[in-house]
Amino acid sequence: MYLSSLKKDGKVIPRILVFNTFVKKQHPQLHFERQQKLLNDQEKNDLTPELSGDIVVDTLRNTFQLQHFRDNQREIIDKILSGCDVFVKMPTGSGKTLCFAIPAVISAGITLVIVPFNALMADLNQRFNKHHILTKSFNQFTTDDELSQVLHDLNSLSPSIKILITTPESIKKPAVQMALQGLNERKLLSRVIIDEVHCLSEASDQFRPEYLELNKLKDLFPRIQLVMLTATASDETLSFILDYMKATNCTVFRIPVTRTNITYKVFLAPKKKQTTYEHIKEYIIKNFSNMCGIVYCNTPTEVLDLSYILSNGYQNQLSVSKYSGSQGDMDIFEKQKELAHWLEGKTKILVSTKAAGTGLDKNNVRFVINCGLPNSVEEYYQQTGRCGRDGLNSEAIMFFRPEDRGLHIKHIGQETTEFRQLSALRRLHSICQYAEMHGCRKQFLSQYFSDPDTGVCQNQCDYCLAPLNLVEVQVNIHTQNIVGIIQSFCLQGKKPTFDNVTLVFRGANNAYAKKENLHLFQNYGKGKGFFTDNQCKALIRYLVWCDFIKENIMILNKFSSSYLSLTTKGQNLLQGSYNQPIIWKQAK
């Protein structure tokens, strides 16, 4: 943990202030009641609870059966119990859930927990009830009778529920809103937890718009405590969330995200998905025989196809469960059954979309494989964080398919404002840069999430394990040729794409090139013999990352795609006023 500060109205506001002496004074009666309950449990179960005189420690040991806190947990719990708004960024697997679960048990009233996914909701519900914490949850699949029972308890004079879990979509129901208002008026709504709060920065008018309405919580309940938790928040994301949620006096805990027991690897996937599926199966059989793991896919169709490949064949059939979100063909009961089989160890591998991407807490996951490109570094880190939660060595492997950018561009085009489109594009460019870089991947993650320690990972990524023999190529001339091609398209009133520019630069002579008279373009064929098709597109993506080229979103007949234009920096290069060397690392 380290101190953090934010600038607001030109002033630097310190964020980390930890106090450790208030708990006994704040809840003396509750402390007594807690001890009395433990004594009653002793009489019923003939167990002797160990009472330390510290209610937080007693709850840790006697409710959660843990003996010690992990790093930073106690400080965060104390700050939550103090009643101020709290933002927590901790690595995956570091115990964020316990940080709000202990205050929920100790405090009077009900703790409302808002989560992004039904899979996470089910997981938390099961874990809390396992520890005899009365927890209820509801979502769009909850029946009217089930919801009525929950609301009846919430509206009672003395609710028995301690933790209530739901999603942003379900919290909008009028009956739920009225029940929450009643709890707040009776001072029985102790706090609101927003778990995986980074999802707020990815929401839009087209994608989970209910997330954008969470900023009304402070209007509905002006004095309510907000506790926001995530493993992934860059400086930009953190600033956006605090401003959007109106958390003006919020204590921020920022713990470095890198985990020393995970090795990160990236493989360039074949263009044919079927071949990629076979490679994934071979990799699992060779490296993780009879071990637990997760394979993430970008679409429900990929989930079905890959799970079939993994679980079938003449030999080496793997034990697989599958899970996909609301866009898939699986009904809620089938999804719950499949997920439960994996969580209980009846199957070894979970093939899933990102619907099971956050919060799943299964401690023996030895590998996470991404079958394709995630939409952001944040999403990738969340997914890879499912492995190695027991502290043992694990692997995070991405099979990188550059073609997957098209799927993400389609989703970005559904954003309704230019600001959100640009933000989503920046996140997409960052994960592409991670996948295509020649350097330490853990160092990249540390820098991306603004961690203080950005040293290399000491053989915990594919690059550091086997450094490539790299050559630094100065590509100023090639860059001038590429930006010249883009300008030629623009001068003709056309919107050049990655494919168009690559065809011209490499001197394509196929039917499309002849039809479009690409040979008439400036700098036609200037890259022929220097770059393959994939290398050329990778160079263009690198130039986007370096801000010589801008990628823009266009929508034609309701379909989204992207086109390229020149930035001011690119214009300066073309005009000869940019004289700095442009270095691109390539493997020999």
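Residues numbered from 1 in each chain as written. Predicted model: local features only at pLDDT ≥ 70, side-chain atom pairs only at ≥ 80, totals over all residues. Heavy atoms only, no water.

(A) Fine view of the sheet that holds strand E8 (residues 226-230). Read from one edge to the other, the open sheet built from seven strands follows the order E5-E6-E4-E7-E8-E3-E9, with strand pairing classed as parallel. Across the chains shown, the open sheet's two edge strands, defined by having one partner strand only, are strand E5 (135-137) and strand E9 (250-254). The average angle at which neighbouring strand axes cross in this sheet is 15°, direction not considered. (Pairing = 2+ DSSP bridges. Helix = DSSP H or I, 4+ residues; strand = E, 2+ residues; numbered from the N terminus. Axes fitted to C-alpha atoms, helices over the stretch in contact; angles between N-to-C directions.)

(B) Molecular detail of helix H15 (residues 405-412). Burial in H15 covers these residues: Arg405, His408, Ile409 and Ile412. Along the axis of H15, the buried positions cluster into a sector of 105°, meaning they face one direction only. Contacts made by the buried residues of H15 are with helix H16 (418-436), helix H20 (498-505), helix H22 (533-545), strand E17 (549-556) and strand E18 (559-566). (Buried < 20%, exposed > 50% of the residue type's maximum accessible area, 1.4 Å probe, protein only. Arc of directions from axis to C-beta. Contact = heavy atoms within 4.5 Å.)

(C) A look at the confidence of the model for the protein chain. In the predicted model, the protein chain carries a mean pLDDT of 86, and 88% of its residues have values of at least 70. When the criterion is pLDDT under 50, residues 1-32 qualifies, and its contacts beyond four places in sequence or with other chains add up to 68 contacts. Segment residues 42-48: pLDDT under 50, and four contacts once partners within four positions in sequence are set aside and those in other chains are kept. (pLDDT = per-residue confidence, 0-100.)

(D) Highlighting the sheet that holds strand E13 (residues 349-352). In space, the six strands of this open sheet follow the order E10-E15-E14-E11-E13-E12, with parallel pairing throughout. Among the strands making up the open sheet, the edge pair consists of strand E10 (262-268) and strand E12 (320-323). If you compare each strand with its neighbour and ignore which way they point, the axes differ by 15° on average. Pairing of strand E11 (residues 292-296) with E13, which is carried by four bridges, proceeds in the parallel orientation. Looking across to E13, one finds that Val295 is bridged to Val351. Contacts from H16 reach E10 and strand E15 (394-400), with the element oriented near 105° to E15.

(E) Expanded view of unusual backbone geometry. If you check the backbone angles, His132 has positive phi at about 60° while not being a glycine. Note on placement: His132 falls in the loop between helix H6 (118-130) and E5. In the Ramachandran plot, Ser450 falls in the positive-phi region, its phi being about 60° despite a non-glycine side chain. Position of Ser450 among the secondary structure elements: in the loop between helix H17 (441-448) and helix H18 (462-465).

(F) Looking closely at the state of the cysteines. All chains considered together, the criterion is met by zero disulfides. In this structure Cys440 is a free cysteine whose sulfur lies 3.7 Å from that of Cys457, the closest cysteine sulfur available. The exposure class assigned to Cys440 is buried, which follows from its relative accessible area of 4%. (Disulfide = S-S within 2.5 Å.)

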